[in-house]
There are 2 protein chains.
Amino acid sequence: MLEAIFAPQAIAVVGASPDERKLGHTVLRNIVQNNFPGAIYPIHPTATEVLGHKVFASVAALPETPELAVVVVPPQAVLQVATECGEKGVKGLIVITAGFREVGSEGRKLEDELLAIVRRYGMRMVGPNCLGVIDNVAHMNASFAALMPLEGNIAFMSQSGAICTAILDWSVVEGIGFSRFVSLGNKADVDEVALLQAWNDDPQSRVILAYLEGISRGPEFIQVARQVTKQTPVIAIKSGTTDAGSRAISSHTGSLAGSENAYEAAFRQSGILRARTMQDVFDQALIFAYQPLIGGDRIAIVTNAGGPGILATDAVEHAGLQLARFERATIEELHAQLPPTANVYNPIDIIGDAKSDRYHTGIKAALADPNVDAVLVLFTPQAQSDVPETAQVIADLTAAQQANGGERIKPVVTSFMGEKSLGPALKILNERHIPNYPFPERAVAALKAMVAYKQWLDRPAGDYVSFDVDRERVQRTFDEVRGQGRLELGEVEAREVMAAYGMRLPESQLARSPEEAVEIANRIGYPVVLKISSPDILHKSDIGGVRAGIESANEARDAYELIEYRARRYQPNADIRGVLVQQQAPKGRECLVGVSRDPQLGPMIGFGMGGIYVEVLKDVVFRLAPLSQQEAQEQIEAIRSFPILRGVRGQAPADIPSILDTILRTSQLVTDFPEIVEMDINPLMVYDHGQGSIVLDARIILND
Amino acid sequence: MLEAIFAPQAIAVVGASPDERKLGHTVLRNIVQNNFPGAIYPIHPTATEVLGHKVFASVAALPETPELAVVVVPPQAVLQVATECGEKGVKGLIVITAGFREVGSEGRKLEDELLAIVRRYGMRMVGPNCLGVIDNVAHMNASFAALMPLEGNIAFMSQSGAICTAILDWSVVEGIGFSRFVSLGNKADVDEVALLQAWNDDPQSRVILAYLEGISRGPEFIQVARQVTKQTPVIAIKSGTTDAGSRAISSHTGSLAGSENAYEAAFRQSGILRARTMQDVFDQALIFAYQPLIGGDRIAIVTNAGGPGILATDAVEHAGLQLARFERATIEELHAQLPPTANVYNPIDIIGDAKSDRYHTGIKAALADPNVDAVLVLFTPQAQSDVPETAQVIADLTAAQQANGGERIKPVVTSFMGEKSLGPALKILNERHIPNYPFPERAVAALKAMVAYKQWLDRPAGDYVSFDVDRERVQRTFDEVRGQGRLELGEVEAREVMAAYGMRLPESQLARSPEEAVEIANRIGYPVVLKISSPDILHKSDIGGVRAGIESANEARDAYELIEYRARRYQPNADIRGVLVQQQAPKGRECLVGVSRDPQLGPMIGFGMGGIYVEVLKDVVFRLAPLSQQEAQEQIEAIRSFPILRGVRGQAPADIPSILDTILRTSQLVTDFPEIVEMDINPLMVYDHGQGSIVLDARIILND
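Residues numbered from 1 in each chain as written. Chains lettered and ligands numbered in written order. Predicted model: local features only at pLDDT ≥ 70, side-chain atom pairs only at ≥ 80, totals over all residues.

### Remarks on the overall build of chain A
For the record, the criterion: Secondary structure elements follow DSSP: runs of H or I no shorter than four residues count as helices, runs of E no shorter than two count as strands, and numbering proceeds from the N terminus. Our exposure labels follow a C-beta count within 10 Å of each residue's own C-beta, placed from the backbone: buried means 20 or more other C-beta atoms, exposed means 12 or fewer, and partly exposed covers the counts in between. We call two residues in contact whenever the C-beta atoms placed from their backbones are within 7 Å.
Secondary structure summary: chain A contains 24 helices and 29 strands in total. Once the C-alpha set of chain A is aligned to its principal axes, its extents read approximately 95 × 80 × 40 Å. Per-residue burial for chain A yields a buried fraction of 52% across its 704 residues. Partitioning the contacts of chain A with sequence separation of at least 6, the portion at a separation of at least 24 is 72%.

Take a look at the structure:
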């Protein structure tokens, strides 16, 4: 996939000017000087030769069809060039030219036309308005970047060209290498979804990084990411998640930013590791790029000083990781080999005067211990330290695991603290692919990311249930509501929808006379609630149209007449259909299932306990639909007040399976009907385990 | 204060060996080679000259009395040396020698003896078991560190010598300079409190940093820090706050780590900025060391690229800071001077092809705008950028504020993203004291720390109320309880204590007969609760010794007899003093005031709403006593469920002043009586505003 862009045999550079100050010249020079092995065809209307390559006047004039054309001509000329490329049979375009969607409505129109041409000829396009594409596997620098990134196995995509530039400038000094490096630009065609698909299972990329400002196709993104992350870790930073950040984006590229909660849910449900800062992106990337996958969360620490050992221990605990507990044999081994003042429990403190041999002892013992999943080595420069030798020892022991084979290979990370005396050691560590962090807390955060990824891999694939429901009945109800010029469903209509999707409701029947009300109430059993039923009266309580706690036939008769009288008084010509007699549900634990629709990511379901828990304590957890059974179960368990559902102070547990059922049916409903823009089940009255739940009230709003 | 240590005229180095491999030699060399301007006296039993300085055989033999002696002799010899120093009239000791408290009970004994000598002669001592003291103001490196720190205005103290070494090694490359640099070691005498006092209002130190593993004198520390932080910002990292971290500490220096909650409260109440990682410590230090204090929280951003601008905007919002809204004049000025594609609202985007002149325009306008409190400048290296010139422009504009004078001078921080092309620019920024951060999020975090410090400065000094209470009555009660061989108070006793400290209790009186019970109940008013009163029956409910909801004289009589019968049946010889007749308090909002005593930091008061809020939702906020009125008010408002006290859904507000009163009286009680190790007021029944609160039950435990 996308071979034309990432692995072309020949490239045309359209707009390859002989003028060194032009971007087109820079792009050509980058391709030529970075030793692209295939054919290179500069295209320019007047020039004859640029940088030693023969120039052609147009794509049409080329002697062969290149797979890829890099386009660096003024925006007005781009459509023409794209058409020529399509006619010639070019399969991939990188449009560097700016002046499209990002400059307003006219640019947007131009971009739409460009995309139409790309689609017409079955081409794929990166850009427009991008820095270009650099591929270290294909030895291709089809960009106007000032630097070629080092070789490595990190694949990087960015919606911001400046972030690309800054990262490049930074990475060449830090020694961080990339397999592929893409500036997405306006992502009219190739977007983050297409790149994830293209880079899935790429043997050259051990980890995929993404700087995203907005996601174009939310549901597809989640679906594709869910697959890709089972093969390759994906680390993303999503900027513009705050209100202020979103405003900054829209003045930037015009991309609409989704809400924070929706992105949080999307990343969690698709296994993407979400980084909070650019620093985190690379701190995490390094461990995935350099080290084998971690097997668990038990960390051993080897240090030549107490203080950093405590910092690291604190960080391990804060991150929710475990400090490994060594086997007896490990402790004895360490006792035998280390000086008596050393600490042989975790963290292993080999004392300030340690040379590399003591590091060897400590690390070897930790790696060999079956209770250890990863080793964090801390180093502070002391008078007796042999700095590069220590780095060497760490690298050798780490590599030796591979050679020994058989057993599980464990990741090793380091925090060499300091700078002046560390130069050669840091060089060794990086060359030998030991991720090093200047402070222990950052090393622990990287380990934490890897443990989170391991947990994602270990998660069983989600089970998606499909309930047997009555879609037609819902569609009929929606059509009726719309037919009456409304978008919000009334109570009887919302009940219809809930019932059609198999949710339990309080028993209820429409009475057309006081006598009928008594009859129904006798059948349902007391207490009951009576409510006026009229499409003309939406706020029933406000006019006194609801009477609860009806305990007898007499009270039912009285209530009917009173309600009818009030309704007539309120609006003499109201279309009164009768009075709804409804089972008065006993008190249970009140919950709430809400749905809103994120413009980019689709329907999002919120769950929490009703009343103060949601309103005051903001104790709601969001997930994007469709939800698997496991995700819904996790959602329920993720609210802070979950212990109340599980039962506190001797209280019986609530019927959690019935909550799960309600969430999953809601998920199916809002997935089946994208026209639902908002929906609330509030309260969902949940009874003790085995007693189920009842939807007491529901509200549904359709799109217009 | 501590002038003998930080500003000596002459120094003796006891143990100044001619052998280069010895620590004593290293220390002498550090003092000599780093140009200490005063007299230097090496002391060694056999040598005659070391490093060009005449050697003396003992301190006693010195021709003058040096203010300071640095001691680097074997541990057994230290006591003798200290005594000689005392006799000679030396005022300050730096004991580098290890082998004291950190090696177990014998070392602890040795350390106690050493301290006794120090005290006897009125000396002050840093150490033992430390790296030494470096003072850039006195040009004194009295340590065995391999490097001299750069000059600067950061004062640094660390309980870990290795952290000192690592920070030194790192700081000389990063260009971070220090005024004073102290390794505290075992801090037998000079501890963090003494250093805070010594460095308060030090014109050479603009910010104080502390790496702490434990705090020796908690209450003094808080009191001193509260004063110091009003003059000088203090940034601390406290390690060993987790359980695992504490275990790592105790195997390290034997210092006992306080609990996380207590430290959190201590730092908050004393205005110390708490850093979570070593990186944060220095990120924050830099802005305080280099820039003027911020006036508010409104940040302007100037950037040459959209992506980093969005990252910074998100970070500003996440940190709870404000994105400044420019004056109309600022926007017009920017419109006039910047190209049309630039964004003239905040963040000011001067576009990728910006040279330093556009930075000049943007920064100047932002600094001039009265709605801006600080400017964050972002830079990504682009083809047209003039990198060092841009740094120069930023430094010049920042400095020009000073020159212009008059108006408020605003801090400027930068995030130059990248590395390879930034070298000269970063050098300029650092030399000109512009704090630079490799990623925008770190720059924003530093600004956030400065805003937090500004808010601390703006906080009014706390008002401490002192209630008129009956201490003797409490002391009598405690004495009685102890006299009976108990540590836990019974209900009547706890009531005594609460009453003596002016807390409101349900009305209550002991009845000695059924008739008396009726009489009392009639007076108090129904409903009442009857409870058996006997020192032999602690768990009254368990034997059926409590009857609530008594509504009439008849019921009161019956209840009395029933309770008495049950008590007799339970224990025929019980000392039954009667039956307590108590007003049954009406239902209110249940709260909880709890006290525990942190071994290092003293009494800690927890406040929350009772029941599930504390038990399930862990919604409790802790503060250390004694509390000011403001601190108690903030504590109440800090719980997540505070809106419930303020009144939700049309509910009247609770009587918050009465909660405040209860907390402050509790604070006074546990401060007056350190023998209270645990105490709970649970529930404190809080009524609507104006109706007060009642202590329904209290539990007090004394130390043994």
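### A word on the relation of the copies chain B and chain A
Turning one copy of the chain about an axis and sliding it along that axis gives the other copy, so a rotation and a shift relate them. The line we're drawing: In superposing the copies, a least-squares fit is computed on C-alpha atoms, taking residues whose pLDDT is at least 70 in both.
With an axial shift of 0.1 Å and an RMSD of 0.1 Å, the rotation relating chain B to chain A amounts to 180°. This pairing of chains is accounted for by a two-fold axis. Most of the interface of chain B is mirrored in chain A, where 100% of its interface residues are also at the interface.

### Re the sheet that holds strand S12 (residues 207-212) of chain A
All names here are of chain A. Test applied: Only strands that DSSP links by at least two bridges are regarded as paired with each other. The axes are straight lines fitted to the C-alpha atoms, using for helices just the contacting stretch, and the angles between their N-to-C directions are given from 0 to 180°.
The strand order across the open sheet formed by 7 strands is S9-S8-S11-S10-S12-S13-S14, and the pairing between neighbours is mixed. For this open sheet the edge positions go to strand S9 (140-143) and strand S14 (273-274), each flanked by a neighbour on one side alone. Alignment of strand S8 (residues 132-135) against strand S11 (residues 177-183), held across 3 bridges, turns out to be antiparallel. Within S11, the position partnered with aspartate 135 by the bridge is arginine 180. Against the sheet, helix H6 (residues 192-199) engages strand S10 (150-158), S11, S12 and strand S13 (234-238), with an angle of about 175° to S12.

### A look at the sheet that holds strand S6 (residues 92-95) of chain A
Residues and elements named next belong to chain A. The strand order S2-S1-S5-S6-S7 describes an open sheet built from 5 strands, whose pairing is parallel. The two strands at the open ends of the sheet, each matched to only one other strand, are strand S2 (39-43) and strand S7 (124-126). Mean inter-strand twist for the sheet, computed between neighbouring axes without regard to direction, equals 20°.

### Details of the environment of leucine 323 of chain A
Within the secondary structure, leucine 323 of chain A sits in strand S16 (residues 322-323). It is 5.1 Å that separates the C-alpha atoms of leucine 323 of chain A and isoleucine 299 of chain A, two residues lying 24 residues apart in sequence.

### Some points on the packing of helix H10 (residues 278-290) of chain A against helix H16 (residues 440-458) of chain A
Residue and element names in this part refer to chain A. Cut-off, in case you're wondering: In this scheme the crossing of two helices becomes right-handed for a clockwise turn of the near helix relative to the far one and left-handed for an anticlockwise turn of less than a right angle.
Direction vectors running N to C along H10 and H16 enclose 65°, while the axes themselves pass 9 Å from each other. In this structure, H10 meets H16 at a crossing whose hand is right-handed. Residues Asp280, Asp283, Gln284, Leu286, Ile287 and Phe288 of H10 pack against Arg442, Ala445, Ala446, Leu447, Ala449 and Met450 of H16.

### Topic: unusual backbone geometry
Residues and elements named next belong to chain A. Residue asparagine 346 is joined to proline 347 through a cis peptide bond whose omega torsion reads 0°. The phi angle at aspartate 201 is positive, at roughly 60°, despite the residue not being glycine. Along the chain, aspartate 201 falls in the loop between H6 and S12. Note on aspartate 201: 10 C-beta atoms within 10 Å, which makes it exposed.

### Considering the interface of chain B and chain A
Here is the rule we go by: Asp, Glu, Lys and Arg are counted as charged, while Ala, Val, Leu, Ile, Met, Phe, Trp, Tyr, Cys and Pro are counted as nonpolar; the rest, among them Gly, fall into the polar class.
On the side of chain A, 68 residues touch chain B, which itself brings 68 residues to the contact. The biggest single contributor to the side of chain B that touches chain A is helix H11 (residues 306-318) of chain B, with 11 residues. For the side of chain B that touches chain A, a count of residues per class yields 32 nonpolar, 24 polar and 12 charged.

### Some thoughts on the domain arrangement of chain A
Residue and element names in this part refer to chain A. Just so we agree on the cut-off: A domain assignment, automatic or from a database, supplies the domain bounds used here.
Here chain A is partitioned into domain 1 (1-130), domain 2 (145-290), domain 3 (293-458), domain 4 (507-584) and domain 5 (589-702). The centre of domain 2, based on its C-alpha atoms, is set 30 Å off from the matching centre of domain 3. Listed as interface residues are 13 residues of domain 2 and, on the opposing side, 17 residues of domain 3. Element by element, the count of residues in the side of domain 2 that touches domain 3 is highest for H10, at 7 residues. Counted by class, the side of domain 2 that touches domain 3 contains 6 nonpolar, 4 polar and 3 charged residues.

### Observations concerning the packing of helix H17 (residues 471-483) of chain B against helix H18 (residues 491-500) of chain B
To describe two helices that pack against each other, one gives the angle between their axes and the distance between the axes. Residues and elements named next belong to chain B. Selection criterion: Small angles under 35 degrees read as roughly parallel and large ones over 145 as roughly antiparallel, with 65 to 115 read as roughly perpendicular and the rest as oblique.
Remark: H17 packs on H18, axes separated minimally by 9 Å, with the N-to-C direction vectors making an angle of 165°. The pairing of H17 with H18 is recorded here as roughly antiparallel in orientation. Helix-helix and strand crossings are classified by hand; for H17 and H18 the assignment is left-handed. Where H17 abuts H18, its residues Arg473, Val474, Thr477 and Val481 lie against Glu493, Glu496, Val497 and Ala500. A breakdown of the residues in the contact of H17 with H18 according to their chemical character gives 4 nonpolar, 1 polar and 3 charged.

### Regarding the environment of serine 513 of chain A
Residues and elements named next belong to chain A. Within the secondary structure, serine 513 sits in the loop between strand S20 (508-511) and helix H19 (514-524). The exposure class assigned to serine 513 is partly exposed, which follows from the 14 C-beta atoms found within 10 Å. Separated by 47 residues in the primary sequence, serine 513 and tyrosine 560 place their C-alpha atoms 7.6 Å from one another.

### Some words on the nonpolar core
Stated precisely, the cut-off is as follows: By convention in this section, buried Ala, Val, Leu, Ile, Met, Phe, Trp, Tyr and Cys residues joined through C-beta atoms within 7 Å make up a nonpolar core.
Leu447 of chain A together with Leu447 of chain B are the most contacted members of the largest nonpolar core, which totals 417 residues. Dropping the residues within four chain positions of it, leucine 447 of chain B is found in contact with Ile287, Ile294, Ile299, Leu321, Ala374, Leu376 and Val413 of chain B.

### Here we look at the environment of serine 508 of chain A
Residue and element names in this part refer to chain A. Mapped onto the secondary structure, serine 508 falls in strand S20. Separated by 13 residues in the primary sequence, serine 508 and alanine 521 place their C-alpha atoms 9.1 Å from one another. Beyond its immediate sequence surroundings of up to four residues, serine 508 is in contact with Leu580, Val581, Gln582 and Gln583.

### Looking at the confidence of the model for chain A
Any region with low pLDDT has predicted coordinates that should not be read closely. Residue and element names in this part refer to chain A. Cut-off, in case you're wondering: Each residue carries a pLDDT score, the predictor's confidence in it, ranging from 0 to 100.
When pLDDT is averaged along chain A, the result is 92, and 97% of the positions lie at 70 or above. For residues 251-258, every residue scores under 50 in pLDDT, and the model assigns this stretch 31 contacts once sequence neighbours within four places are set aside. For this predicted complex, the interface score ipTM comes out at 0.88, while the overall pTM is 0.90.

### Observations concerning the pairing of S13 of chain A
All names here are of chain A. Burial analysis of S13 places 5 of its 5 residues in the buried class, the great majority of the element. Burial along S13 is two-sided: the face carrying Val234, Ala236 and Lys238 and the face carrying Ile235 and Ile237 are both buried. Both S12 and S13 contribute to a ladder of 5 bridges, which runs parallel. When the bridges of S13 are listed, tyrosine 211 appears paired with isoleucine 237.

### As for helix H5 (residues 161-174) of chain B
The line we're drawing: A helix is expected to reach a length of 1.5 Å times the quantity of its residues less one.
Taking 1.5 Å as the rise per residue, H5 of chain B with 14 residues should run 20 Å; its terminal C-alpha atoms sit 20 Å apart, in good agreement. Those residues of H5 of chain B that fall on the buried side of the exposure criterion are Gly161, Ala162, Ile163, Cys164, Thr165, Ala166, Ile167, Leu168, Asp169, Trp170 and Ser171 of chain B. Lining the buried residues of H5 of chain B we find helix H11 (306-318) of chain A together with strand S10 (150-158), strand S11 (177-183) and strand S12 (207-212) of chain B. Immediately downstream of H5 of chain B, the backbone of glycine 175 of chain B shows phi near 80°, a positive value.

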